[in-house]
Amino acid sequence: AFTMGAATSFCLLPAADTGIVVLTNALPVGAAEALCLTYIDLVQYGQVDRDWLDFLEPLFVAMIAPVGEQAGKPFPTRPDAALPLKVYTGTYANEYLGAVEISQRDEQLTLSMPPHGQLFPLLHWSGNTFVFEPGGEMATPGSRSMVSFRAGQDGGIQSVDIEYYAEEGVGLLVRQ
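Note that the coordinates shown come from a computational prediction; the quantities given were computed from them, not determined experimentally. (Residues numbered from 1 in each chain as written. Predicted model: local features only at pLDDT ≥ 70, side-chain atom pairs only at ≥ 80, totals over all residues. Heavy atoms only, no water.)

### Some words on the pattern of salt bridges
Note the threshold: A pairing counts as a salt bridge when a side-chain nitrogen of Lys or Arg comes within 4 Å of a carboxyl oxygen of Asp or Glu. When accessible area is computed with a 1.4 Å probe and restricted to protein chains, residues below 20% of their type maximum are described as buried, those above 50% as exposed, and intermediate ones as partly exposed. Think of it this way: any DSSP run of H or I at least four residues long counts as a helix, any run of E at least two long counts as a strand, and we number them from the N terminus.
Tallying each qualifying case throughout the model produces three salt bridges. In this structure, R50 engages D49 in a salt bridge whose closest nitrogen and oxygen atoms are separated by 3.8 Å. You can call R50 partly exposed: its relative accessible area is 36%. A residue is classified by how much of its surface remains accessible, and D49, at 49% relative accessible area, is partly exposed. Taking the shortest distance from any N to any O, the salt bridge between R150 and D161 comes out at 2.6 Å. One end of the pair, R150, is in strand 8 (residues 145–151); the other, D161, is in strand 9 (residues 157–162), and eleven residues separate them in sequence. On the basis of relative accessibility, which here comes to 42%, the residue R150 falls in the partly exposed class.

What follows is the structure in structure tokens.
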């Protein structure tokens, strides 16, 4: 299943020489699986054993839950001040993501992600931490990723951590 829709399921019942395939363009909520199990119940027992959707839905909750430590949290009411925005602008890169561009447009930072330069507005969270809301196929609705800038020994911004990629170990990008 994919968060934007493509939940699929199949069940085979060789003893009855039958099976079912369910293809959807729906969120992965257990509906495709419930249809398969309902069909198998009807073939095997002549009736439905249980409400399969009701049974399966809780198992899929984590799959469609928003991701990110700050997802669903209110913005701090008294955040630590950010540095002047121009201090954060520049190109940051690693071998996995390639080059990521942080630029300033008016009084807002934007994050441009490869491979197509998709733009994400960065909203100030606190201090050197900003957040953006990944969308589309990147993450489920309501997700929020931290973007934390790190200063080097000279006080200048040397790298950025993008929380969305931290789990895979590829979230740290170094200033170019």
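### Structural notes on helix 1 (residues 31–45)
Selection criterion: The span expected for a helix works out to 1.5 Å for each residue beyond the first. The contact rule is simple, with two residues in contact once any of their heavy atoms fall within 4.5 Å.
Along its 15 residues, helix 1 runs 21 Å from first to last C-alpha, staying within 8% of the 21 Å computed at 1.5 Å per residue. Those residues of helix 1 lying buried are A32, E33, A34, C36, I40 and D41. Buried residues in helix 1 make contact with strand 1 (8–13), strand 2 (18–23) and helix 2 (52–64).

### Some thoughts on the packing of aromatic side chains
Just so we agree on the cut-off: Pairing of aromatic rings covers Phe, Tyr and Trp, the last counted by its six-membered ring, and requires centre-to-centre distances within 6.5 Å; plane angles under 30 degrees mean stacked, over 60 mean edge-to-face, and any other angle means tilted. Whether a charge lies above a ring is judged from NZ of Lys or CZ of Arg, which has to be within 6 Å of the ring centre and within 35 degrees of the ring normal.
For the structure shown, the criterion picks out eight aromatic pairs. Aromatic side chains Y92 and F149 sit 6.0 Å apart centroid to centroid with 65° between the ring planes, which places their arrangement in the edge-to-face category. Here F149 lies in strand 8 and Y92 lies in strand 3 (residues 90–94), a separation of 57 residues in the sequence. Take Y92 and F149: they sit in the same class, and that class is buried. Look at Y164 and Y165: their rings are 4.9 Å apart centre to centre, the planes differ by 90°, and that puts the pair in the edge-to-face class. Exposure remark for Y164: the relative accessible area of 25% places this residue in the partly exposed category. For Y165, a relative accessible area of 13% translates into the label buried. These aromatic residues form a ring-pair network of at least three members: Y88, Y92, F130 and F149. One cation-aromatic arrangement involves R50 over W52; the distance from NZ or CZ to the ring centre is 4.9 Å.

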